[in-house]
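# Architecture and fold: a report
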Amino acid sequence: MARKKKMSTGKKVGITALAAVIVIGGVAGYATLGKKSTTSNVLNEYLPVDMTTQDLSQMTDSYAFEVAANVQQGLLSRTSSGAPKAGLAKSWSHSKDGLTWTFHLRKGLKWSNGDPLTASDFVYAWQRTVNPKTASQYAYIYSGIKNADAINSGKDKDLSSLGIKAKNKTTLVVTLEHPMPQFQNLMAFPVFFAQDKKFESSLGSKVGTSSSKQVYDGPYKFVGWNGSNKKFKLVPNKNYWDAKAVKNKGVDFQVITDPTAALALYNRGELDQVTLSTPQQIKKYKNSKNFKIYNQSQTDYLEYNQTGKVKGLTNTKIRQALNLATDRKSISQSVSEGLDGIPTGMTPAGLAKTATGGDFAKAAAKATAYAYNIKKAKKLFAEGMKEAGLKKLTLTIEGSSDSTVTKSTLDTLQQSWSELPGLTVKEKLVPFKQRLLDQENHNFDVVLAAWGADYAEPLTFLNMFVTDGANNDGKWSNKQYDTLINNASDKDALSDTKRTADEIKAEKTLYDDSAVNPVFWVNAATLSNSKVKGVQYFSSGASYYFWNAYRSKK
């Protein structure tokens, strides 16, 4: 997942806690849900930060996606291995050139309130998301669908020109501007799910601001969330087309921001899963039979404000020096006992394959050289300061106060960066929601951000940094980079060899220009109740499907 599927950093719950999409949406402060739910076939989960929204056009964080993926369903769903399979569409096909896709919906589909669900609900949802008036931060992911970019930029005022048409109540035809290798995966991603126009039309901006201000077409309904409370749950949706396939009686959630409290509830049997979010917890439980490590396909990274508002950060040598002064190994040790990966690029290991079947991150690492070298950093920093006409520079690094890993990460950065002559480093910790708002408004010097994969392809990370991209908060711009991403997304899209070459060059461009600073690849250390079977985990997109899970007696 993930804004932007921006994680809470530490925006999923990962080893670096609150930073990955691993735990799903939740219910409740620190109050327990009672012994009854731990012995019945109800699952017990938690969120490390507050729920934000269930407006499919407005959600941007991994936790919102986790809930949405269980209470809604797309045209397609996913197998346990992550491969596309039938969802609300019973069948689909595409033209030989990959530009025209036809989906046939199941008959008799209904929303949770009884409204009929038809092909026009997808048309409405897609048009609403790309409409610039909606201001969806995820509208960019529609790029490649006919006229999506033109509509979202305001150049095309005709929403009906978007490349999605309802041929009849059960048939959808989607037209692409160019082949999109990730297209089938996207059809299982919440931003592309249907929306009930009849229900939403009277709500305006209130859509999804509480569980009652949304309707659901997936295995569950979302209930009990008033927009700010810390207890809510998923309950089986009797109107779901495959309601008999749901193997449990629902999922109870809590919002628990204190990792010590979360672990205590798990140890008392009141949570079925907990993320170990401190080195001390990991060290204590790493030999437990219930200890698991999940690859999160998430990168926590530093973004530099290059709008011109922050002195020094538009200078390439200063940014290069900051990257070289980043001790990634020490940071990983401080936040996860070394279990988080040391990044060699923005695209994490284990996410995508090259044309020859190798790991993309390993191939891209041959073109980059992220490393800790304080001697070289000092030299470049002095040169950059001279070029920028500066003798002293103060930079504030902002991060999420909700995360257990942010403080230790910033402390390590402050310590190593302060060795650069003339640089003063300050820390700023704000709530997760405020951090996102500051990013969007470019109200930061340096920010510790996080991104989880929306789909299993490097572009889910690399397309964030195109010029004026919705997720390019630092406002970095490079024409060569833009061309590489455009080629990978368009003319080279169906050639695995050419697309991979474009993407590796793009990783090198990010590195050479120190556009951003990857700090660690997030893994998640968890303890899981061995009696809960069948939870499906995914490292890209929304992380969990719960409906096949059940509580066994053994």
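This text follows the structure it describes.
Residues numbered from 1 in each chain as written. Predicted model: local features only at pLDDT ≥ 70, side-chain atom pairs only at ≥ 80, totals over all residues. Heavy atoms only, no water.

## Notes on unusual backbone geometry
- Positive phi, normally seen in glycine, also occurs at aspartate 468, with a value near 60°.
- Here aspartate 468 shows up in the loop between helix H15 (459–462) and helix H16 (479–489).
- Look at serine 514: it is not a glycine, yet its phi comes out positive at around 45°.
- Along the chain, serine 514 falls in the loop between helix H17 (496–512) and strand S16 (516–528). (Helix = DSSP H or I, 4+ residues; strand = E, 2+ residues; numbered from the N terminus.)

## Remarks on the nonpolar core
- Of all hydrophobic cores here, the largest spans 102 residues; its most connected members are Phe103, Phe122, Trp126, Ile141 and Phe192.
- Of all the elements, helix H2 (residues 62–71) adds the most residues to this core, at 7 residues.
- Once you skip the residues sitting within four places of it in the chain, isoleucine 141 turns out to touch Leu186, Phe189, Val191, Phe192, Asp454 and Tyr455.
- In terms of nonpolar packing, the next biggest core, distinct from the first, is built from 32 residues, Tyr304, Ile331, Leu390 and Val405 among them. (Core = buried A, V, L, I, M, F, W, Y, C linked by side-chain atoms within 4.5 Å. Buried < 20%, exposed > 50% of the residue type's maximum accessible area, 1.4 Å probe, protein only. Contact = heavy atoms within 4.5 Å.)

## Digging into the side chain of glutamine 72
- Along the polypeptide, glutamine 72 turns up in the loop between H2 and strand S2 (76–78).
- Engagement of the side chain of glutamine 72 in a polar contact is seen with the backbone nitrogen of aspartate 217, the distance being 3.0 Å.
- Those residues in contact with glutamine 72 that lie beyond four places of it in its chain are Leu56, Trp111, Phe193, Gln214, Val215, Tyr216, Asp217, Gly218 and Pro219. (Polar contact = N/O pair within 3.5 Å; in protein donor to acceptor, adjacent residues only side chain to side chain.)

## Observations concerning helix H7 (residues 259–267)
- Along H7, the positions that sit buried rather than exposed are Pro259, Ala261, Ala262, Leu263, Leu265 and Tyr266.
- Its buried side turned inward, H7 meets strand S1 (43–47), strand S10 (251–255), strand S11 (273–275), helix H8 (279–285) and S16.
- Capping of H7 at its N-terminal end is provided by aspartate 258; its side-chain oxygen lies 2.9 Å from the backbone amide nitrogen of threonine 260.
- Of the residues one or two after H7, glycine 269 is the one with positive phi, at around 80°.

## Side note on the pattern of salt bridges
- Applying the stated rule across the entire model yields 20 salt bridges.
- Of the charged contacts, one joins glutamate 383 and lysine 379 as a salt bridge, the two residues approaching to 2.7 Å between their closest N and O atoms. In this pair, glutamate 383 and lysine 379 both sit in helix H12 (residues 374–388), 4 residues apart, roughly one turn of the helix.
- Sharing partners across several salt bridges, the network here consists of Lys317, Lys379, Glu383 and Glu387. (Salt bridge = Lys/Arg side-chain N within 4 Å of Asp/Glu carboxyl O.)

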